[in-house]
Amino acid sequence: MKTKKSKRISTLYFVLLLLYSVSTVYLIKVSRVDANIAVLGMNFSLTMFTGILSSFANMCLIVMVVYAGKTGFITALALLLLNFPMNLMGMLMRHDASTLPGMFNNLLVVLVVILIDRRNRQIASLQAIELDYVKARQKGAERLFEQTAAALVNAIDAKDEYSRGHSQRVAEYSQKIAEYLGKNEDECREIYYAALLHDVGKIGIKDAILSKKGKLTEEEYESIKHHTSLGKEILSGISEYPYLSIGANNHHERYDGKGYPQKLKGSDIPEIARIIAVADAYDAMSSNRSYRDAMPQQIVREEIVKGSGTQFDPEIAKIMQHLIDLDSAYTMKERVEVKELSGRSELVCGQYRDEISEGILVALGKTTIQLRSVPMDDHAADKSIPTMILFDSLDGRVHDEEKTIKDLNYYEYAEIWFNGSVVVTGARKAETSIEPNADAAGRKSDPAAGTDYKVEAVRVRDHLLIRIDDGARTISVIVALPDSTRYAYIALTGEQCHIQNVSIANLDVPITEDYIPRIAPLVSYIDRIEGDIPNVQVDGFRHAHSEPFPVTNGMEIRFHTMSLPTARLIWHCPFIVIFTSEDGIINGEGYHECALIRMDGENWDSQEDEVKNELTVEKTNEFTGWDDWKEQNKKGFDSRISFERKGNRLMMTTDNRGIKIRNITHLSPDVKVYAALTGDQVALTDIRIVR
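Residues numbered from 1 in each chain as written. Predicted model: local features only at pLDDT ≥ 70, side-chain atom pairs only at ≥ 80, totals over all residues. Heavy atoms only, no water.

Our focus in this paragraph is the overall build of the chain. Of the regular secondary structure elements, the chain holds 14 helices and 26 strands. Within the span of the chain, comprising 691 residues, buried residues form 44% of the whole. By sequence separation, contacts in the chain at least 24 residues apart represent 69% of the contacts at least 6 residues apart. Carbon and sulfur atoms make up 53% of the accessible area of the chain, which amounts to about 36100 Å² in all. (Helix = DSSP H or I, 4+ residues; strand = E, 2+ residues; numbered from the N terminus. Buried < 20%, exposed > 50% of the residue type's maximum accessible area, 1.4 Å probe, protein only. Contact = heavy atoms within 4.5 Å. Areas by Shrake-Rupley, 256 points an atom, 1.4 Å probe, with all protein chains shown as cover.)

Have a look at this one:
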């Protein structure tokens, strides 16, 4: 894209070229006319103007070289050199040497043009050297700033082992939020560093308070609140980066004005601090602390929802919710060095379940696990057996304490031993088959030296297939899970074995419904009356959609909704997606999503510039709190969604147990719009389309 300066130079170049052309044309005409012109009673020969016109033309070329750079030089030199043969031919044809001075004048201008171009190139070279020097100094300053910021962050981390990596993660999340807000690269960088240094004031807080296990006293809490003002004092001296002190000082302000230190409210809180506040709260909840373990992601998301409009800016909270929804593998959290084995490089299993790895999620596609198992000693080779625990829990870990099992919804499906034994605990059924490998005949093995295993895990709805290949045989286990909605994790453990060299890969390969032979009937919550389109069961976030239907003015969708037994969160409810596509199919040809609206009042706007949404959510007298709202969703109720379309406005309205929603989507008046029902852990039945 051309800058304003380059546009001005281009315009000047063409003006000078035009003036030169006009001057040259008149110069040729005047030089051929033998006539006089009367000015103030005096007669002047027109030929005397040839010198004036020639000088003016040469001035245009010289100015062109000065201001138009290489393009101006090439143009000027070409035009000047073109004049030499023309003047020579004229002199020979007319046998007149009167043009000889003009030729020498041309030669002089050529020399001037060449000298100006040489000087231009010298200046450009010096400017390039100076620019490189300035860039080098700027990069050096940036490196120094980055190193200083890193040193400050390390100083904070050194004071509190439980906050190690916190500032870095908050900076990354803040930058992601800024990108969704449409910030440019420089603004995103500013927000990143402001977030990186937001807790720098903790350097001035006593170590005993920062690392205290348990609840802080009122006096200790007041002391730790001073880290915002201390951070401001530390960073305010960096006048080149004033945004740093803003982030440090205001990231604990609340949107409702109940925060600190200034009790700012709403948009009075600087935007950079509102961004950091959401990212900071998210990481605090998703990380281990001295007084609690990290919260499960779904619980963290629900807390973000509850804090929207009170603790957090609603727009920024909505972006954070969207980032959580996109992070299905829960990577946005405190990380350990080797996540497969909970930070350890190996598992040393003496008694069964002495050591248990972190859960490995079996999601879409195929999950492969490779490992080596070595017996504890030579005498234990026949008793050395690695094992897998199949389970579900909110934090992806195996638990055995009653309170933790309840709090984290821990549910164990089965134990699969690598010798082919299976213990069914909470699964409905399991079937095992063992086949020798064709290429294993005659192969010698030494169990005492260890065994290499390759495990493949695939899930299709409520069925799980596990294949264990030890080189000699393949053990296949099909497990019928209680339902399709719970997650399935694999945890490694064993008895009298060292589990080493664990590697995990998730292969994005297409898995069809018939990939796993069914050993138990599909668990369905939609075996009831159907309406105009088939019922739909949505086991997870948008795992399924109803048949799409065209949206017309005055139409209404009526249906029965019921959250599934595993549903426990606010957004485990119906959604409606409004979209356009050439074939009327979700994710079909030319698919564009206009809006995704949840019946709890959440929505996510389309990223298309031509589509805008205006969402209004009102809690009526019928609303008696979120806990009661979730309970009514569990019992099930009839719902209806109305549409009104006029011109470029599509208005959708609905009222579900006290959550009254109106959304206006602005789009092109001639575009055909479709809608479909979906949701999260919900059964949608008896769907009627009334026009």
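Having seen the model, we can carry on.
Bringing the sheet that holds strand β22 (residues 637-646) into the picture now. Overall, antiparallel pairing links the seven strands, which are arranged β15-β26-β17-β22-β23-β24-β21 in an open sheet. The sheet is open, and its two borders are formed by β15 (536-538) and β21 (612-619), each paired with just one other strand. Averaged over all pairs of adjacent strands, the angle between strand axes in this sheet comes to 20°, irrespective of strand direction. The sheet contact formed by β22 and strand β23 (residues 649-656) spans six bridges and is antiparallel. Within β23, the position partnered with Arg645 by the bridge is Leu650. Along the sheet, helix α14 (residues 626-635) makes contact with β17 (556-563), β21, β22, β23 and β24 (659-666), crossing β17 at roughly 100°. (Pairing = 2+ DSSP bridges. Axes fitted to C-alpha atoms, helices over the stretch in contact; angles between N-to-C directions.)

In this section: a nonpolar patch on the surface. A surface patch of nonpolar side chains, about 320 Å² in accessible area, is lined by Leu12, Val63, Val66 and Tyr67. In terms of residue count, helix α2 (residues 49-94) provides more of the nonpolar patch than any other element does, three residues in total. Mapping Leu12 onto the fold places it in helix α1 (residues 4-31). On the basis of relative accessible area, Leu12 is assigned to the partly exposed category, the value being 32%. (Patch = residues over 30% accessible without salt bridge, like charges linked within 9 Å, V, L, I, M, F, W, Y side chains within 5 Å. Salt bridge = Lys/Arg side-chain N within 4 Å of Asp/Glu carboxyl O.)

Moving on, we come to the packing of helix α4 (residues 166-180) against helix α5 (residues 185-196). Look at α4 against α5: their axes get within 8 Å of each other, and the N-to-C directions meet at 155°. By the angle class used here, α4 and α5 are roughly antiparallel. Crossing of α4 over α5 shows right-handed handedness. Contacts from Ser167, Gln168, Val170, Ala171, Glu172, Ser174, Gln175, Ala178 and Glu179 of α4 reach α5 at Cys188, Ile191, Tyr192, Ala195 and Leu196. The residue makeup of the contact of α4 with α5, split by class, is eight nonpolar, four polar and two charged. (Parallel < 35°, antiparallel > 145°, perpendicular 65-115°, else oblique. Left-handed = near helix turned anticlockwise from the far one by under 90°. Nonpolar A, V, L, I, M, F, W, Y, C, P; charged D, E, K, R; others polar.)

Helix α12 (residues 314-326) packs onto helix α11 (residues 297-307) with a crossing angle of 165° between their chain directions and a minimal axis gap of 9 Å. What the angle tells us is that α11 and α12 run roughly antiparallel. α11 and α12 meet at a crossing whose hand is left-handed. Judged by residue contacts, Gln297, Arg301, Ile304 and Val305 of α11 engage Ala317, Met320, Gln321, Ile324 and Asp325 from α12.

Turning our eyes to something else, we now look at the packing of aromatic side chains. By the definition in use, this model includes 14 aromatic pairs. Between Phe579 and Tyr591, the ring centres sit 5.3 Å apart and the planes meet at 40°, which makes this aromatic pair tilted. Of this pair, Phe579 sits in strand β18 (residues 574-580) while Tyr591 sits in the loop between β18 and β19 (592-598), placing them 12 residues apart in sequence. For the pair Phe579 and Tyr591, a shared accessibility class is recorded, and that class is buried. Three or more aromatic residues link up through ring pairs in this structure, and these residues are Phe391, Tyr410, Tyr487 and Tyr489. If you follow Arg301 out to its NZ or CZ, it ends over the ring of Trp571, 4.2 Å from the centre. (Phe/Tyr/Trp six-rings, centres within 6.5 Å; stacked < 30°, edge-to-face > 60°. Lys NZ or Arg CZ within 6 Å of the ring centre and 35° of its normal.)

Following the criterion strictly, the structure yields 26 salt bridges and no others. A salt bridge links Asp325 to Arg301, with the shortest nitrogen-to-oxygen separation between them at 2.8 Å. In this pair, Asp325 sits in helix α12 while Arg301 sits in helix α11, placing the two residues 24 residues apart along the sequence. You can call Arg301 buried: its relative accessible area is 1%. Taken together, the shared-partner salt bridges in this structure form one network comprising Arg301, Asp325 and Arg598.

Our next topic: the environment of His666. Its place among the elements puts His666 in strand β24. Reaching out from His666, the side chain makes a polar contact with the side chain of Glu614 at a distance of 2.9 Å. (Polar contact = N/O pair within 3.5 Å; in protein donor to acceptor, adjacent residues only side chain to side chain.)

Extensive coverage of helix α9 (residues 243-250) is indicated by the burial of seven of its eight residues. Taken together, the buried positions of α9 are Tyr243, Leu244, Ser245, Gly247, Ala248, Asn249 and Asn250.

A word on the sheet that holds strand β5 (residues 366-375). If you walk across this open sheet you meet the seven strands as β3-β14-β5-β10-β11-β12-β9, and the pairing is antiparallel. The open sheet is flanked by β3 (347-349) and β9 (429-436), the only strands paired with a single partner. Mean inter-strand twist for the sheet, computed between neighbouring axes without regard to direction, equals 20°. Two strands pair when backbone bridges link them, and β5 and strand β10 (residues 451-460) are joined in this way by eight bridges, in the antiparallel orientation.

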